[in-house]
2 protein chains.
Amino acid sequence: MRYALDHTGDLSVQIAHEIRGAIVAGTLLVDQRLPSEKELCDRFSVSRPTVREALKRLAAQNLIRTQRGASGGAFVNRVSYEQAYPQQITTSTLLLSMNDISFETACEARFAIERACIPLAAARRMPDHISTMRAEIQRQGLNDLTDESFCASDVNFHKALVQAADNPVLTYQIASAVEAMQPLMNMITFTQRDRVVIVSIHTKIADAIEKRDHASAEHTLSELADYTLTLADQARTIRQVKLATNDPQKRCKS
Amino acid sequence: MRYALDHTGDLSVQIAHEIRGAIVAGTLLVDQRLPSEKELCDRFSVSRPTVREALKRLAAQNLIRTQRGASGGAFVNRVSYEQAYPQQITTSTLLLSMNDISFETACEARFAIERACIPLAAARRMPDHISTMRAEIQRQGLNDLTDESFCASDVNFHKALVQAADNPVLTYQIASAVEAMQPLMNMITFTQRDRVVIVSIHTKIADAIEKRDHASAEHTLSELADYTLTLADQARTIRQVKLATNDPQKRCKS
DNA sequence: GACAATTAAATGTCAGACAATTCAAAAGTT
DNA sequence: AACTTTTGAATTGTCTGACATTTAATTGTC
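Predicted model only: the values in this text are computed from it and were never measured. (Residues numbered from 1 in each chain as written. Chains lettered and ligands numbered in written order. Predicted model: local features only at pLDDT ≥ 70, side-chain atom pairs only at ≥ 80, totals over all residues.)

### Here's the deal with the overall build of chain A
- Within chain A, the regular secondary structure consists of 12 helices and 2 strands.
- Seen in sequence order, chain A has helices and strands lined up from the N terminus as α-α-α-β-β-α-α-α-α-α-α-α-α-α.
- On C-alpha atoms alone, chain A measures out to a radius of gyration of 24 Å, which is more than a quarter above the 18 Å that the 2.2 N^0.38 rule sets for 254 residues.
- Principal-axis analysis of the C-alpha atoms places the extent of chain A at approximately 70 × 55 × 30 Å.
- A buried classification covers 35% of the 254 residues belonging to chain A. (Helix = DSSP H or I, 4+ residues; strand = E, 2+ residues; numbered from the N terminus. Rg over C-alpha atoms; globule rule 2.2 N^0.38 Å. Buried ≥ 20, exposed ≤ 12 C-beta atoms within 10 Å, placed from the backbone.)

Structure follows, in C-alpha cells:
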C-alpha cells in the first residue's frame, strides 16, 4: 500500500501522525511489527533519517518500541498503566509549575478528586488496605522523620486509600493527580505539632474507612484539605517574613 | 559545559533524558532557546542525526518546539492545557482500549471523578453555566439527532457542569477522563425512550446546580451512572442476540 | 529614511556507509 | 542423530557530508 499524507508541516510529523492513526484506529494491533525502516522509506518516499525521526516521536509517546537485530524492528506497544503513569505525572507537574497555578487551586482539585473514591473505598476496602494505611500512620508518628520521608509516607497513605476503591482507572487518575501535586506539597515544612494533627486526621479517615462509614471519611478528608491550606498559608507568611528581615548579603546567596 | 550521560541504552534516549531533566528542573526556562543542533553535537559528542532524534522525542512530548531560519532553533515550550489535553486523551483512550477495561470499571471511574466537582460547581456556578447546560439539554430533546450528535451534546453538558466548578486543574483532569470514555460510550445506541430518561436526569442535575443543592445533584448523578450501566448492559445483550440469530452471510459482511 | 536584494544561520531532508545486535540456518563435532 | 559452533543475513543505531528551505538581519540603493 501507498500512503497519502497531509501536505501540512514537516514530513516526519506527517508520517508519525499517519502511523499513530493506524495504531489508535486498531489497524496495527498490539505487538504487531511495523514495516522495517527501509520499507517505510519506500512507502512514504522519504529518506531513512526522516522515517527514523517519525519513529522516535512515536517511541517518545510509548506507542512503539524498537528492537535491534534480525527479526527486530518496531513493534506496537501495549500501553500499560506503568508506562503511562510517569508520562502523565511529568505533564501534570509541568502544567502546574508553568502556569502559575495557585496552591489553593491545585490543593482543591487534588482533594476533590480523592474524595471521589471514598464511597467506593469504604464499600470495598480489604484488611490489607487498612493495615497499609495504619502502618503509614505509625511511620508518620516517628520523631526522627525528615520532611521528605513524611511526605513520601503521606503519599503512600493516600495511595492505599485510593487503591481500596479497587478500580484501576480511578487509581491511575487519582494517583497521578496526587503525585503531580508533590512538588508543591514539598514546599511546606511540617512542625511536630502539624504532624500530630495530620496523623490524627489520617487515623480518623482510616477508622471511618474500616467502619465503611463513607460520610465520615469524606468529612474528615475535607478537614484535611482545609488544614493543608492553612499550612500552606503559614509557610507563605513565614517565607515573606524571612525575605523581609534578611540582610542583603544572605539574599544574594539564595 | 560538557555533559556526562548515563551509559545505558541508546544515545538519543540519553540525550533526550538529559535535556528533559534540565527543563523539568527549571534549568531551561520557558521560551528559552536551546543550543543549536551543531552545538549540541559538540557537547554530547554525537552526530547531528542522533541529536535530532533526541529533539524529536522531546517535541513529541510538547516539551520543545522548533523554528527554522536565522535566529531559529529549539525553544522550551510552555506546557498549556490545550497542548496537554489531546495528549492525555490519546494515552487514556489507548489505556482503556488495550487493557480490557470493562465498561463498568470505566463508567464507575468517570462518574466518581465527575462527582468530585459537584459541590464546587453548586457553590460557584454562574448564570452562563446554567444556560449552557439548558441549551444542551434542549438540543438533546430534538428528534432528528444522530447518536453521535447526541453523544457530543452529552459531552458538552458535562463539560459545562465541570466548568462551573471554576478550577482549571479539575477541569483538565475530569474533562480528559470524560473524553477518554467517549469511544466506549459511542458503542451504545440510544432509543428515543432512553433519551427522554437522560434528558430528564440532566434537567434534574441542572436544576439542583442552579439551586446550589449539591446533595441532590450528587444523588442524581449517581442515578445517571446507574442508568448508563443498564444501557450498556442492554446494548451488550442485543449485540449477543444479533450475533446468535444472524445467518452466516451477514456475519461475514460485518 | 524606506524599500529591495543579499547574506548568514538554522532547521529539514537526503544519500550512502559502517557498526552493533540479534536470530536462524548451515556447518562441524561428538 | 543430537548437540555445539560458526557463519550469514536482516535490522536498527550511528556517522559523515551534502544540499534544500526558511527566516531574520544586513547591506545596498534610491
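Next comes the rest of the account.
### Considerations on the packing of helix H1 (residues 11-25) of chain A against helix H3 (residues 48-60) of chain A
Residues and elements named next belong to chain A.
- Where H1 contacts H3, the two axes come as close as 8 Å, and the packing angle between them is 50 degrees. As far as their axial angle goes, H3 and H1 are oblique. The two elements H1 and H3 meet at a crossing, and its hand is right-handed. In this structure, H1 uses Leu 11, Ser 12, Ile 15, Ala 16, Ile 19 and Arg 20 to contact H3, whose residues at the interface are Thr 50, Val 51, Glu 53, Ala 54, Arg 57 and Leu 58.
- The residue makeup of the contact of H1 with H3, split by class, is 7 nonpolar, 2 polar and 3 charged. (Axes fitted to C-alpha atoms, helices over the stretch in contact; angles between N-to-C directions. Parallel < 35°, antiparallel > 145°, perpendicular 65-115°, else oblique. Left-handed = near helix turned anticlockwise from the far one by under 90°. Contact = placed C-beta atoms within 7 Å. Nonpolar A, V, L, I, M, F, W, Y, C, P; charged D, E, K, R; others polar.)

### Comments concerning the relation of the copies chain A and chain B
- If you rotate chain A by 180 degrees and push it 0.0 Å along the axis, it lands on chain B with an RMSD of 0.0 Å. Taken together, the rotation angle and the small translation identify this as a two-fold axis.
- Most of the interface of chain A is mirrored in chain B, where 100% of its interface residues are also at the interface. (Least-squares fit on C-alpha atoms with pLDDT ≥ 70 in both.)

### A closer look at the protein's contact with DNA strand C
- Around DNA strand C sit 23 residues in total, of which A:Leu11, A:Val46, A:Gly69, A:Ala70 and B:Glu37 are the nearest.
- Residues of the surface near DNA strand C, tallied by class, amount to 6 nonpolar, 11 polar and 6 charged. (Near = placed C-beta within 6 Å.)

### Describing the protein's contact with DNA strand D
- Residues in close proximity to DNA strand D total 24 residues, the closest being B:Leu11, B:Val46, B:Ser47, B:Gly69 and B:Ala70.
- Mapped onto the surface near DNA strand D, the elements with two or more residues apiece are helix H2 (37-44) and strand S2 (73-76) of chain A together with helix H1 (11-25) and helix H3 (48-60) of chain B.
- No other element matches H3(B), which puts 3 residues into the surface near DNA strand D.
- In terms of residue class, the surface near DNA strand D is made up of 6 nonpolar, 11 polar and 7 charged.

### Considering the interface of chain A and chain B
- Contact residues are listed per partner, giving 39 residues for chain A and 39 residues for chain B.
- The set of elements that each furnish at least two residues to the side of chain A that touches chain B consists of H1, H3, helix H4 (81-98), helix H5 (103-115) and helix H9 (168-185) of chain A.
- Of all the elements, H4(A) adds the most residues to the side of chain A that touches chain B, at 9 residues.
- Residue classes in the side of chain A that touches chain B are distributed as 23 nonpolar, 9 polar and 7 charged.

### Re the confidence of the model for chain A
Residues and elements named next belong to chain A.
- Looking at chain A as a whole, its pLDDT mean stands at 88, while 92% of the residues score no less than 70.
- Across chain A, the secondary-structure element scoring lowest on mean pLDDT is helix H12 (residues 248-253), at 44, and the one scoring highest is helix H7 (residues 127-140), at 96.
- Low pLDDT, under 50, characterises residues 248-254; the stretch is placed with 1 contact to residues that sit more than four places away or in other chains. (pLDDT = per-residue confidence, 0-100.)

### Details of the pairing of S2(A)
Residues and elements named next belong to chain A.
- As paired strands, strand S1 (residues 64-67) and S2 are joined by 4 bridges and run antiparallel to one another. Across the sheet, Gln 67 pairs through a bridge with Gly 73, a residue of S2.
- As consecutive antiparallel partners, S1 and S2 are separated by 5 residues, and within that stretch Gly 69 has a phi angle of approximately 90 degrees, a positive value. (Pairing = 2+ DSSP bridges.)

### Focus on the environment of B:Ala112
Residues and elements named next belong to chain B.
- Tracing the backbone shows Ala 112 in helix H5 (residues 103-115).
- The class for Ala 112 is buried, based on 26 C-beta atoms found within 10 Å.
- As a C-alpha pair, Ala 112 and Ile 174 span 62 residues in sequence and 9.9 Å in three-dimensional space.

### What to know about helix H7 (residues 127-140) of chain B
Residue and element names in this part refer to chain B.
- With 14 residues, H7 extends 20 Å from end C-alpha to end C-alpha; this agrees with the ideal 20 Å at 1.5 Å per step.
- Restricting attention to buried positions, one finds in H7 the residues His 129, Met 133, Glu 136, Ile 137 and Gln 140. Along the long axis of H7, the arc covered by the buried residues comes to 105 degrees, so they all point the same way. Residues of H7 that are exposed and point more than 90 degrees away from the buried face comprise Pro 127, Asp 128 and Gln 138.
- Check the buried side of H7 and you find it contacts helix H8 (147-163) and helix H10 (192-210). (Expected span 1.5 Å × (residues − 1). Arc of directions from axis to C-beta.)

### Notes on the nonpolar core
- Within the largest apolar cluster, 80 residues are counted, with the highest numbers of intra-cluster contacts made by A:Cys117, A:Ile209, B:Cys117 and B:Ile209.
- Beyond its immediate stretch of four places on either side in the chain, A:Ile209 contacts A:Ala121, A:Ala122, A:Arg125, A:Ile130, A:Leu161, A:Ala164 and A:Ala217.
- Judged by nonpolar contacts, the second largest core, of 34 residues, contains A:Leu40, A:Ala59, B:Leu28 and B:Ile64. (Core = buried A, V, L, I, M, F, W, Y, C linked by C-beta atoms within 7 Å.)

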